[in-house]
Amino acid sequence: MPEFYYEDFVPGSIFEFSEKKAITKDEIIRFAEVYDPQPFHLDEEAAKHSLLGGLCASGWHIGCLMMRMNYDHWIVRTASMGAPGIDEMRWEKPLFPGDILTGRRKILHKRVSRSKPEMGLVSMEVDILNQRGEIITRQKHTQLIEVRHPGRTTGEEGVAAPAAPHPTHALPRIEASGRARPFAGWLEDLQAGSYIELGRETFTKDNIVAFASLYDPQSFHMDEEAARKSHFGRLAASGWQTASLWMRNVVLTRDRVQRELRESGVETPQGGPSPGFIHLRWPKPVFVGDTVTYGTQIIEKRKTSKPGWGLVFNHNTGFNQHGELVFEFRGSGFIRTREG
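Remember, predicted model here, so these are calculated numbers, not experimental data. (Residues numbered from 1 in each chain as written. Predicted model: local features only at pLDDT ≥ 70, side-chain atom pairs only at ≥ 80, totals over all residues. Heavy atoms only, no water.)

S.K.: Honestly, the packing of helix α5 (residues 205-215) against helix α8 (residues 239-263) in this entry has me stumped. Any pointers?
M.R.: The angle between the axes and the distance between the axes are what describe a pair of packed helices. Taken N-terminus to C-terminus, the directions of α5 and α8 make an angle of 100°; their axes are 9 Å apart at the nearest point. When the interaxial angle is binned, α5 and α8 end up roughly perpendicular. Contact residues: Asn207, Ile208 and Phe211 in α5; Trp240, Gln241 and Ser244 in α8. Across the contact of α5 with α8, the residue classes break down as three nonpolar, three polar and no charged. (Axes fitted to C-alpha atoms, helices over the stretch in contact; angles between N-to-C directions. Helix = DSSP H or I, 4+ residues; strand = E, 2+ residues; numbered from the N terminus. Parallel < 35°, antiparallel > 145°, perpendicular 65-115°, else oblique. Contact = heavy atoms within 4.5 Å. Nonpolar A, V, L, I, M, F, W, Y, C, P; charged D, E, K, R; others polar.)

S.K.: Help me understand α5 in this model?
M.R.: Because an α-helix completes one turn every 3.6 residues, residues spaced three or four positions apart along the sequence face the same direction. What α5 keeps buried is the set Ile208, Phe211, Ala212 and Tyr215. Each buried residue of α5 lies within a common arc of 100° when the element is viewed along its axis, so the set occupies one face. Relative to its buried face, α5 has exposed residues pointing more than 90 degrees away, namely Asp206 and Leu214. On its buried face, α5 is in contact with α1 (25-35), α4 (59-73), α6 (219-222) and α8. (Buried < 20%, exposed > 50% of the residue type's maximum accessible area, 1.4 Å probe, protein only. Arc of directions from axis to C-beta.)

S.K.: Explain the pairing of strand β9 (residues 276-281) here, please?
M.R.: Residues in a regular strand project their side chains so that they alternate between the two faces of the sheet. When strand β2 (residues 85-91) meets β9, the two strands line up antiparallel, connected through five bridges. In the strand pairing of β9, Arg90 is matched with Gly276. Bridge analysis of β9 against strand β12 (residues 325-336) gives three bridges, and the strand direction is antiparallel. Directly across from Ile278, in β12, lies its bridge partner Arg330. (Pairing = 2+ DSSP bridges.)

S.K.: Which parts of the structure should I look at to understand unusual backbone geometry?
M.R.: The phi angle of most residues is negative, glycine excepted, and most peptide bonds adopt the trans form. Here the phi dihedral of His279 falls at roughly 55°; this positive angle occurs in a residue that is not glycine. Structurally, His279 can be placed in strand β9.

S.K.: What is the right way to read the side chain of Thr242 from this model?
M.R.: Examined against the element boundaries, Thr242 turns out to sit in helix α8. By relative accessible area, Thr242 is classed as buried at 1%. With near-sequence residues (within four places) excluded, Thr242 lies in contact with Phe203, Trp282, Val286, Tyr294 and Phe327.

S.K.: I would appreciate a short explanation of the pairing of β12 in the present structure.
M.R.: Taking burial as the measure, the 12 residues of β12 include 10 buried ones, the bulk of the element. Sheet topology note: the strand β11 (residues 309-319)/β12 ladder contains 11 bridges and is antiparallel. For Trp309, the partnering residue across the bridge sits in β12 and is Arg336. Linking two consecutive strands that pair antiparallel, namely β11 and β12, is a turn of five residues; a positive phi of about 80° is found at Gly323 within it.

S.K.: How do you make sense of the packing of aromatic side chains when you look at a structure like this?
M.R.: What characterises a pair of aromatic rings is the spacing of the ring centres plus the angle enclosed by the ring planes. Scanning the model with the defined rule gives 20 aromatic pairs in all. On the basis of an interplanar angle of 70° and a centroid distance of 6.4 Å, the ring pair of Phe4 and Phe9 is categorised as edge-to-face. When the ring of Phe220 is compared with that of Phe232, the centres are 4.9 Å apart and the planes differ by 55°; the resulting orientation is tilted. Within this pair, whereas Phe220 is found in helix α6, its partner Phe232 is found in the loop between α7 (224-229) and α8, the two being separated by 12 residues in sequence. The class for Phe220 is buried, based on a relative accessible area of 4%. Look at Phe232 and you get partly exposed, because its relative accessible area is 22%. Pairwise contacts between aromatic rings join Trp60, Trp91, Trp240, Trp246, Phe277, Trp282, Tyr294, Phe327 and Phe329 into one cluster. (Phe/Tyr/Trp six-rings, centres within 6.5 Å; stacked < 30°, edge-to-face > 60°.)

S.K.: Could you clarify how one ought to interpret the nonpolar core in this entry?
M.R.: Across soluble globular proteins, nonpolar side chains show a tendency to be buried alongside one another. Among the nonpolar cores identified, the biggest contains 62 residues, and Trp60, Trp246 and Phe327 are the most heavily contacted of them. At nine residues, α8 tops the list of elements feeding residues into this core. The residues contacting Trp246, other than those within four sequence positions of it, are Trp60, Leu198, Tyr294, Gly295, Asn316, Thr317, Phe327 and Phe329. (Core = buried A, V, L, I, M, F, W, Y, C linked by side-chain atoms within 4.5 Å.)

S.K.: Explain the pattern of salt bridges here, please?
M.R.: Should the charged atoms of two oppositely charged side chains come close, the side chains can pair. Enumeration over the complete set of coordinates arrives at 22 salt bridges. Across the pair Asp8 and Arg148 runs a salt bridge whose closest N-O atoms are separated by 2.7 Å. Here Arg148 lies in the loop between β5 (135-146) and β6 (156-158) and Asp8 lies in the segment before β1 (14-18), a separation of 140 residues in the sequence. Residue Asp8 is classed as partly exposed on the basis of its relative accessible area of 35%. For Arg148, a relative accessible area of 31% puts it in the partly exposed group. Here Asp127 makes a salt bridge to Arg138, at a shortest N to O gap of 2.6 Å. (Salt bridge = Lys/Arg side-chain N within 4 Å of Asp/Glu carboxyl O.)

S.K.: What is the right way to read the side chain of Arg105 from this model?
M.R.: Relative to the elements of secondary structure, Arg105 occurs in strand β3 (residues 102-112). Although Arg105 is buried, it forms no salt bridge, and the closest oppositely charged side chain is Asp8 at an N-O distance of 9.9 Å. Aside from chain neighbours lying at most four places away, what touches Arg105 is Phe9, Ser13, Ile14, Phe15, Phe17, Trp74, Met124, Glu125 and Val126. (Lys, Arg positive; Asp, Glu negative; His and termini not counted.)

S.K.: Sorry if this is basic, but what is going on with the packing of α4 against α8 here?
M.R.: Relative to each other, α4 and α8 sit at 170°, their axes nearing to 10 Å. By the angle between their axes, α4 is roughly antiparallel relative to α8. Between α4 and α8, the contacting residues are Trp60, Gly63, Cys64 and Met67 on the first element and Trp240, Ala243, Ser244, Trp246 and Met247 on the second. Counted by class, the contact of α4 with α8 contains seven nonpolar, two polar and no charged residues.

Okay, structure coming up:
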């Protein structure tokens, strides 16, 4: 039986937890090879010359490690019902081989669902720090947690953060062509509205369970019988798997597009890392047998204070085979400018 229910999460309370072992180079490379095969996550020499300064973990790997830390230290003892998304994640510092991670969770606000009184919504901020006490990543999200005594607990507690504008997936699309397409190489070549389909991924029982066993072993991702009894109704993929596969398709598509450009004589510089994302949502579960089609569309771009670097902002989506939106978020990434 779970130890913690909705009633046990008190706004303002702080819970700290830590790992016993350091992240290894092999772990970083293994994840990157499958989900984020960029040079600064794979090759030590190439990483030395990147904006990050050395071989380091993918931001999506950090998110998965955070998920596993949360599971091991408190979700496993909680009547968790999953999470509908991530409001914000900021990658503050790189995660290097040898770093030992500590977590810090603060409860911000909570309320009982008006339509489902057995479900509580607990908003929290979770920091992951390295052994020097530096914040590597900060995440804000709402956890769905079962109410111990439905009907006895009502109202809202804590101070709710102001709602941020939610992106729309109805943006006008300018199909990718020539230098107007995403991944054209330089900031100056990118055009707001440009859209490209990234690729498709099919979710099987085996790959859902294999991913969940590493990063998100909640019962509704691991066991078909337990999943049938959950609010999902059947085995569902971890949201972090859906997100990590989006990243895989970004890198593979970008590399293909830039290879084609180079073959036609167009120079394409190496891209940079992402500082984070906002408004990540999983509107519908991804089930066994679903095929998700991923896409990305440029929202805006701007120069930064870093010489030779700009930022591009994009809206990213995943639709299942029925045309239903199952994944979206607004992301950002550093990109080279022609002008230093």
